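Given next are the chains, with one letter for each unit.
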There are 2 protein chains.
Amino acid sequence: MHARSNLPTGTPVVGVLGAGQLARMMAESASALGVQFRVFAQSESDSAALVCADTTVGELTDAAAVFKFAQTVDVITLDHELVPAATLEFLTQSGIKVYPTAAAIKFAADKSAMREKLKMLGAPMPNWVTAQNLNQANQFAQEIGYPLIAKSPTGGYDGRGVWVIADIAELNTLTFPVLLEQKVKFERELAVLIVRSPHNQAVVYPVVETVQQDGICTQVLAPAPNLAESRAIEAQQLALQIAAELDVIGVLAVELFDTGSGPLLVNELAMRPHNSGHWTQDGASTSQFENHLRAVLDLPLGSPTMTAPVTVMGNILGGIHPDLHRGLLHCLARDSELKVHLYGKTVKPNRKVGHLNLTGSDLADLQNRISHAVDFLAGRIDE
Amino acid sequence: MHARSNLPTGTPVVGVLGAGQLARMMAESASALGVQFRVFAQSESDSAALVCADTTVGELTDAAAVFKFAQTVDVITLDHELVPAATLEFLTQSGIKVYPTAAAIKFAADKSAMREKLKMLGAPMPNWVTAQNLNQANQFAQEIGYPLIAKSPTGGYDGRGVWVIADIAELNTLTFPVLLEQKVKFERELAVLIVRSPHNQAVVYPVVETVQQDGICTQVLAPAPNLAESRAIEAQQLALQIAAELDVIGVLAVELFDTGSGPLLVNELAMRPHNSGHWTQDGASTSQFENHLRAVLDLPLGSPTMTAPVTVMGNILGGIHPDLHRGLLHCLARDSELKVHLYGKTVKPNRKVGHLNLTGSDLADLQNRISHAVDFLAGRIDE
């Protein structure tokens, strides 16, 4: 851990709880900004711990250890929403600056609390209920009809903790309380990413389309193709409203269902740099990672303007090849414009181990090139 | 130091001798590429040591310590050319892969050797001599006439180790041997940056103009304005030829005098990411730092294409304000497109402590905005 006395005068110090790929990519931006970056990791081999000079290894449930770490930084931010609420509250009560605040993060970590809050704001959503028992669940099912979506109120991500419920037999298998939602008929999924600072400055990135397969995002198209300007503005205004009402500091990602003729419906919220914003690293004037740091440090935010007409991001999901670098030899030779972002993670089936970005003007061409590269790296194709 | 067994299968490991800002910016690219990055630093507070997870502190003259470090990596590269030749030769003889090679780096570290070699290649240069004594120096002065440029054959950088010699009295003050060069009348200075891999793949970036003040580069204009295409090709071919003949692996920067009507004359060579290529971080498809890593790892090189019509880079030179971050509050609020790259270095007068990039299409506008920001950060203006 570098002592403050060894840093240039005025160097801001940011600490991150969790050391996954989001912290790793924040670290790249922090280096450029001259911000000293510290991570509280679970293990030395965590994604961000592999690259960060100032890593503390510990458990996020150990509030005393987290507090000791937090005392060395100017502000604490998060790599994920699974940081125990008790730890965040302890930090806040101890006078540590935490962004997003414990009060705001609740609405990303607890999906029932999120639905309740969005209802108060009048945000359009699928029909939902937090069922405390089978009786309430059954009543909701009779009103709405099957299939339903069941969500674990806390702890889920990337499709984990989310189930499609086809009938009463499946309803019977659930553990309560559970969040039940109408399975919305939608044409596609959109996401809008906003960054907000304590000064109340906010920047909104262009609305993107997130292409999903089996509940996992495979590609992000920026901007969302064929989206009417009025729809884009509707999405951006909704995100601005939610960010302001929830007093979010840093990145807020709002995942939306595009129902075509009906309104845009809020699916999920995330309060950290988000997969739907990874395209900004190579396709926007300021990346979401840089703007997240600028926000939590209350620096003026950077321009979210696109630097090319189209950017396509493709997630690299673990396949049959344990060695991604070998595959890169082929992919980089084939496509000299491919921008690679690997996370230093061991390959496991369907695990997000990296992503690729391509910028240009021909969406179909960019999508094909991205698909080729991610399929090759996973071993689904071999040439 | 992370053990190889804790890294994902196939992870390449790069070690850098020296831990200045070039190593720091390589580290940012290494993180994205999933490359494990290690630095051999002089101190824990070196620019790259502040951000790198795997830092070893030691002296570059301590060949045994450097060898121990080198055994943990796949390839060694350099942050600067001042690594002792004896250390590089020891590594090479011990079977360590070093790129650029000790044989090539000699022509960047020793300016007399560089001149000798370029003469053999027939590269256009100012008239020069390596004077072993005052007698030889005086003879050269009589042939060429004053003023002359005197250069310490080794160890100089950023205008240090370079003197203008006005008359015989000043000639008398020199320590021999010394490299003497004709003081060329030139219209401007250009630079061309090439990256070459062991596979013999090479990419050349657009020729840039380097704006100098008191022997220090203050701005870089990419591409060099009003440069005839034939001149640009002349410069790029010269760089390609030099890189191939010197068998350079990694970045080679060739600094040139543009004499207007006469040929382009080679001023200096550098074999590492170079200040004249910092614009590529925000203005090119692949930055020089990423391509340097790709070259030394023998990965296919990335496209050097510009992502905007014009990029201007401005060096932040230390001024009266010790706290750069305070100044950034103003600069970032004034210009949301400014890309900041700070090095984590304590401010000292005229020390390069960071740089700024701006991309766009209006050169004069970009130059004005860059000038404003660097002047503000140094304290030469206060609004």
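Just so it is clear, the structure is predicted and the values come from calculations on it, not from any experiment.

Here we come to the overall build of chain A. Across its full length, chain A holds 12 helices and 17 strands. Taking 383 residues into account, the globule formula puts the C-alpha radius of gyration at 21 Å, and chain A, at 21 Å, falls close to it. Considering only C-alpha atoms, chain A reaches an extent of 65 × 55 × 40 Å along its principal axes. When contacts within chain A are restricted to residue pairs at least 6 apart in sequence, long-range pairs at least 24 apart make up 63% of them. Accessible surface, chain A as shown: approximately 14,700 Å² in total, 49% of it carbon and sulfur. If the 28 positive side-chain charges of chain A are averaged to one point and the 39 negative ones to another, these points end up 3 Å apart.

Now for the side chain of His292 of chain B. All names here are of chain B. Looking at the element boundaries, His292 is found in helix α10 (residues 288-296). His292 sits in the buried class, given a relative accessible area of 0%. Once residues within four sequence positions are removed from consideration, His292 is found in contact with Met26, Thr77, Val195, Gly250, Val251, Arg272 and Pro273.

A few words now on the interface of chain B and chain A. In this assembly, 51 residues from chain B lie in contact with 52 residues from chain A. Around 4,000 Å² of area is buried between chain B and chain A when both sides are counted, 53% of it from carbon and sulfur atoms. Remark: the boundary between chain B and chain A carries two salt bridges. When the shortest N-O distance is used, the salt bridge between Glu290 of chain B and Lys339 of chain A registers 3.0 Å. Where chain B meets chain A, there are 24 residue pairs in polar contact (both at pLDDT 80 or more). Among the secondary structure elements, those contributing two or more residues to the side of chain B that touches chain A are α1 (21-33), α10, α11 (324-334) and β16 (339-342) of chain B. Among the residues making up the side of chain B that touches chain A, the classes are represented as 22 nonpolar, 19 polar and 10 charged.

Quick look at the pairing of strand β17 (residues 352-360) of chain B now. Residue and element names in this part refer to chain B. The buried count for β17 comes to seven of nine residues, which makes it a mostly enclosed element. With eight bridges connecting them, strand β15 (residues 310-317) and β17 associate as antiparallel partners. Of the residues in β17, the one forming a bridge with Asn315 is His355. Of the pairings in the sheet, the one linking β16 to β17 comprises four bridges and is antiparallel in character. Its bridge partner being in β17, Lys339 is matched across the sheet by Asn357.

On to the sheet that holds strand β2 (residues 36-41) of chain B. All names here are of chain B. As summarised here, the arrangement of the four strands in space is β3-β2-β1-β4, forming an open sheet in which the pairing is parallel. Two strands close off the open sheet at either side, each with one partner strand: β3 (54-57) and β4 (75-78). When strand polarity is set aside, the average angle formed by the axes of neighbouring strands in this sheet is 25°. Pairing between β2 and β3: four bridges, direction parallel. Among the inter-strand pairings, Ala41 is bridged to a residue of β3, identified as Val57. In the packing of helix α2 (residues 63-70) onto the sheet, the strands contacted are β1 (13-17), β2, β3 and β4, and the crossing angle to β2 comes to about 175°.

The subject of this paragraph is the relation of the copies chain B and chain A. Relating the two copies of this chain is a rotation about some axis coupled with a shift parallel to it. Least-squares fitting of chain B to chain A yields an RMSD of 0.0 Å, with the transformation described by 0.0 Å of translation along the axis and a rotation of 180°. Both chain copies can therefore be described as sitting about a two-fold axis. No C-alpha of chain B approaches the rotation axis more nearly than that of Ala53 of chain B, which lies at 2.0 Å. Looking at chain B, 100% of its interface residues are interface residues in chain A too, so the copies touch through the same face.

All names here are of chain B. Along the polypeptide, Arg231 turns up in helix α8 (residues 229-245). Of note is the side chain of Arg231, whose polar atom sits 2.7 Å from the backbone oxygen of Gly262. Ignoring anything within four residues of it in the chain, the contact list for Arg231 reads Asp258, Thr259, Gly260, Gly262, Pro263 and Leu264.

Turning to the sheet that holds strand β3 (residues 54-57) of chain A, a few remarks are in order. All names here are of chain A. Read from one edge of the open sheet, four strands run β3-β2-β1-β4, paired in parallel fashion. In this open sheet, the two strands that pair with only one neighbour each are β3 and β4 (75-78). The sheet shows a mean angle of 25° between the axes of neighbouring strands, taken without regard to direction. With five bridges connecting them, strand β1 (residues 13-17) and strand β2 (residues 36-41) associate as parallel partners.

To continue, consider the environment of Pro198 of chain B. Residues and elements named next belong to chain B. Note that Pro198 resides in the loop between β9 (188-196) and β10 (202-204). Judged by its relative accessible area of 32%, Pro198 is partly exposed. With 106 residues separating them in the primary sequence, Pro198 and Pro304 have C-alpha atoms 18 Å apart. With residues near it in sequence (within four places) discarded, Pro198 still touches Tyr99, Ile249, Ala295 and Asp298.

Criteria and cut-off values
Residues numbered from 1 in each chain as written. Chains lettered and ligands numbered in written order. Predicted model: local features only at pLDDT ≥ 70, side-chain atom pairs only at ≥ 80, totals over all residues. Heavy atoms only, no water. Helix = DSSP H or I, 4+ residues; strand = E, 2+ residues; numbered from the N terminus. Rg over C-alpha atoms; globule rule 2.2 N^0.38 Å. Contact = heavy atoms within 4.5 Å. Areas by Shrake-Rupley, 256 points an atom, 1.4 Å probe, with all protein chains shown as cover. Lys, Arg positive; Asp, Glu negative; His and termini not counted. Charge placed at Lys NZ, Arg CZ, Asp CG, Glu CD. Buried < 20%, exposed > 50% of the residue type's maximum accessible area, 1.4 Å probe, protein only. Buried area = accessible area lost by both parts, 1.4 Å probe. Salt bridge = Lys/Arg side-chain N within 4 Å of Asp/Glu carboxyl O. Polar contact = N/O pair within 3.5 Å; in protein donor to acceptor, adjacent residues only side chain to side chain. Nonpolar A, V, L, I, M, F, W, Y, C, P; charged D, E, K, R; others polar. Pairing = 2+ DSSP bridges. Axes fitted to C-alpha atoms, helices over the stretch in contact; angles between N-to-C directions. Least-squares fit on C-alpha atoms with pLDDT ≥ 70 in both.

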